[in-house]
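# Structure at a glance
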Amino acid sequence: MTEKAMSFSTAWKSFYAKAGLPRIVIGVFFIFLNIVSIVIGISFGSLMTDVIIRALMNMILVLAMVPGIRSGIGLNFGLPLGILCGLLGGVISIELDFTGAMGFLMAILIAIPFAIIVGIAYGWLLNRVKGSEMMVATYVGFSAVSLMSIGWMLLPLNAPEMAWPMGMGVRTTISLEGRFNHILNDFWRFPTGDMDLSFGGFEIPTGLILFVSFMLFVMWVINRSKMGIAMKTVGANPKFATASGLNVNFYRMFGTVLSTVFGAIGILVYAQSFGFLQLYLAPMFMGFAAVAGVLIGGANVRDANISHVIIGTFLFQGLLVIALPVANNIMTLGSLAEITRLVVSNGIILYALTQVTGGD
Amino acid sequence: METANFVLQMKGIGKEYYGTRVLENININLAPGEIHAVLGENGAGKSTLMNILFGMSVIHSTGGFEGEVLINGESANIKSPVEAMEAGIGMVHQEFMLIPEYTITENIKLNREITKPNIFSRLISNKLETLDRIEMNKDAKKALKTLDLNIEEWIKIAGLPVGYMQFVEIAREIDKSNLKVLVFDEPTAVLTESEASNLLDAMRTISSKGIAILFITHRLDEVMEVADNMTVLRDGKLVGVRKKEETSIDELAEMMVGRKINKVEKGTNTIDESVYKLELKNFSVDMPGEKIKGMDLKVRKGEIIGIGGLAGQGKIGVANGVAGLYPSKGEVLIDGTPLPLNNPKESINRRIAFVSEDRRAVGLLLDIGIDMNIAVTAMQNKGGFLKHYGIFSQQDTKAIKEHAEKMRKELDIRCTGVDQPTRRLSGGNQQKVCIARALTLEPEILFVSEPTRGIDVGAKKLVLDTLVKLNQEKGMTIVMTSSELGELRSVCDRIAIINEGKLEGILSPDDSDKDYGLMMAGNYSKKANSGGEVE
């Protein structure tokens, strides 16, 4: 082998070791889809805008995985708990007739206390099932969603856009039109529709970027704080943490509460971009997409950081955004993109769970 | 010597694991009906010898062994435990190998069931034959009767007292019709005194039926009571073979411990004779496998005190109890004031640091860098390595790195950089990281447990030298727990020996091997108090 080939091969090896097989495969697939989309003549600018918006609107839900993993409860499959709190905040904010930025802010402020209470209860439960948190969390998520389906039916809400025309309860999807639809997406959007700049339909959702960046920064600060480091220690080795005078259960609960609160905020960011609050069974599988996102980013059940969240969300959501029009163009099978999404997200979760090594 | 007179002979047995010699030229001869004790400290090679006898795969996968095993004078090539069983060698395990939900009969007859044909077995396969429970119960009864055990054979194992479980194991072995040699591996370790004496009676009964017994133990009084001959091993070598009539407990103790001390060059430390830095009063620790049951100990300020004893006797429990890691009772005084128990944070605040015997499970964050490993405990308990911004605090990355670099130089931690995850370090360097973390707490009392376990010779010396240095230069009081007596005797000022969860006595490093042997075996306090001042 020549010198050059040698150095290339070591560079490849170190890249391979750092990035890991799944990220390389998905990255290559992502680039491949991009090329195909250009070849078949899909507007690249608007496609990229979609990728950015889809990634950012999902990013806080993915970010909610980080404190769970770091505190040692593993992948928080119980994310629907946080999502339900967020939805409840949103619904109450509308019921109290807040609109615009105020509506969004109030939704978050109302959701957070719910999320803290639910997070404490959920953390208490997870502290009692150490070792099988992820399985328990999955079913806690499922049952909470089902239970809350009854809750949505019974809530005494009267706002005309939410209530059924007859009887009690709220509708399955609630439009945010006139409330906080696109409140972040449209804040300082650049370039705006009336500016005649041809970026091929490319737009920058400045407000969304700022808000998500702020949340990422908050998580970064938490991770570097004394409590964040204690949480990480507890997650990395509970016995070590105990010997270092840390209360393992407290920090696990702290991580769970953080994860739930971020889940609540995450769903509101998602909803303002999506334009609807989706109630009833919609939150059931949202946890899985978030889990897949953080895992694609390179996290595992023991370690996760902010960069995993950013990389993973862009790769995973970007893949799904681009796969849809490409698949529609190539094959007119309507469900192909959905099939791709399920194969990729469940496949990546499966891969990550096979990488779980026993505690030593 | 006529070979035919021996049921089992092990000739010139030797074994090397990856270049480390663990056994060398061991000879054991066993006549029918003889009770032969194999004595030795932990790590003397008893288990390896038994693994060879039973053809365990750990022996054959690491290159086999030297020497020859003869059964009834014929060379036996035992390659697996099943072949050992077929050759007539049985084993009573230290940890019971019984199925709790099965009855005594079912356990005794497991995989050797007596069966009778039925219609299905005739048509299809003899694996479908019916169990002949009447015959099985008869056999089980007979085996239990041999042991003078008054218990019904249809009772389930679950819920039986520990002592009875041991007897069921024995009954299973003696029920095997071809049994020639029965090995007892530390059989009395889990038994009460009366159960143990029953067991010794049973051993005599079995041997009177012509079955030879290999009795592995470290309890000298039991050996003297029941064994005909004894072989003493030390560091994988045969120290001697004695007949019961020709020896004494004292001699055996001395043979077991032997002289193996390399005195570490040490200057003088200043021990304040007037004050006790640490006092344990009626201190109990509920640590599984290493229980402490009410011990008293006084540690002077500025001394290095060693805690020794055999595995399972409780020496490991002392430090874990004081550090607050396992439930403990009693009283711990530091500088005369009581320490709240079961509270690791309080122990750290009272300036106690603990270097755990279980480096990888308790001592390290394996996937996190050396720097954070060293800093984290001090950060969480003393607020070090933090920058404060109003109510927020952030890690002081620079200070953490600088401190780690300083420790790396002081303790000679070999690594690619201070951010290297500790998982990739060698055992010795991992141990240095653990010590660095403890020192970062600036302790007044340092507990180190098994500081040299699993590390190479060079690193061992460095770790021990570091402890001595800390003691002399900073006046740190050090409590060092170790299974290696030689190591304790080389660095400690006094050595406390723990037996059965209690303080057996305190010795000076220069005391005789005999005293050490007697204390470790628990025969010291039973003898007349010969000057072993306990304080």
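Going by the structure above, here's the rest.
The structure reproduced in this document is the subject of the present report. (Residues numbered from 1 in each chain as written. Chains lettered and ligands numbered in written order. Predicted model: local features only at pLDDT ≥ 70, side-chain atom pairs only at ≥ 80, totals over all residues. Heavy atoms only, no water.)

## So, the sheet that holds strand β13 (residues 272–285) of chain B
Residues and elements named next belong to chain B. Quick note on the threshold: Pairing between strands is defined by DSSP: at least two bridges between them are needed. Runs of E in the DSSP output that reach at least two residues are strands. Runs of H or I that reach at least four are helices, and both are numbered from the N terminus.
Here 4 strands make up an open sheet; going across it, the order is β14-β13-β16-β17 and the pairing antiparallel. The sheet is open, and its two borders are formed by β14 (292–301) and β17 (337–338), each paired with just one other strand. Across 6 bridges, the pairing between β13 and strand β16 (residues 328–334) is antiparallel. Its bridge partner lying in β16, E279 is registered against L333.

## Comments concerning the interface of chain B and chain A
Worth spelling out the cut-off: Contacts between residues were defined by any pair of non-hydrogen atoms, one from each residue, lying within 4.5 Å. In short, buried area is how much 1.4 Å probe accessible area vanishes from two parts on joining, totalled over both. The salt bridge criterion pairs a side-chain nitrogen of Lys or Arg with a carboxyl oxygen of Asp or Glu, the two atoms within 4 Å. Within 3.5 Å is the distance limit for a polar contact, defined as a pair of N or O atoms, with the added protein rule that one can donate a hydrogen and the other accept it, and that residues adjacent in sequence qualify only through two side-chain atoms.
Listed as interface residues are 27 residues of chain B and, on the opposing side, 20 residues of chain A. Summing both sides of the interface, chain B and chain A together bury roughly 2,000 Å²; the carbon and sulfur share of this comes to 58%. In terms of surface lost to chain A, no three residues of chain B exceed L365(B), Q380(B) and Q394(B), which account for 28% of the buried area on that side. Counting across the interface, chain B meets chain A through 0 salt bridges. Inspection of the region where chain B meets chain A yields 10 residue pairs in polar contact (both at pLDDT 80 or more).

## A short note on a nonpolar patch on the surface
Residue and element names in this part refer to chain A. The cut-off we apply is this: By definition, no residue in a patch forms a salt bridge, and every one has over 30% relative accessible area; like charges are joined within 9 Å, nonpolar side chains (Val, Leu, Ile, Met, Phe, Trp, Tyr) within 5 Å. Exposure was quantified through the Shrake-Rupley algorithm and a 1.4 Å probe, taking into account, for residues, occlusion by the shown protein chains and nothing else.
A contiguous nonpolar patch, built from F8, W12, F15, Y16, L21, V25 and Y351 and spanning about 720 Å² of accessible area, is present on the exposed surface. Mapped onto the nonpolar patch, the elements with two or more residues apiece are α1 (3–19) and α2 (21–39). A per-element tally of the nonpolar patch places α1 first, with 4 residues. Relative to the assigned elements, F8 resides in helix α1.

## A word on the side chain of D371(B)
All names here are of chain B. Threshold: Summary of the burial criterion: residues with accessible area below 20% of their type's maximum are buried, those above 50% are exposed, and those between are partly exposed, where the area comes from a 1.4 Å probe applied to protein chains only.
Inspection of the secondary structure puts D371 in helix α14 (residues 370–382). Given a relative accessible area of 9%, D371 falls into the buried group. Here K401 takes part through its side chain, which lies 2.7 Å from a polar atom of the side chain of D371. Those residues within four positions of D371 in sequence are excluded, and the remaining contacts are I400, K401, A404, V418 and D419.

## Concerning the nonpolar core
The cut-off we apply is this: The definition of a nonpolar core used throughout is a set of buried Ala, Val, Leu, Ile, Met, Phe, Trp, Tyr and Cys residues joined through side-chain atoms within 4.5 Å.
Formed by 107 residues in total, the largest nonpolar core has its most connected members in L63(A), W152(A), F211(A), L268(A), L277(A), L279(A) and V294(A). No other element matches the 13 residues that helix α11 (residues 248–274) of chain A contributes to this core. Discounting chain neighbours no more than four positions away, the residues touching F211(A) are I60(A), F104(A), I108(A), L184(A), I265(A) and V269(A). Judged by nonpolar contacts, the second largest core, of 58 residues, contains L439(B), L441(B), L467(B) and I478(B).

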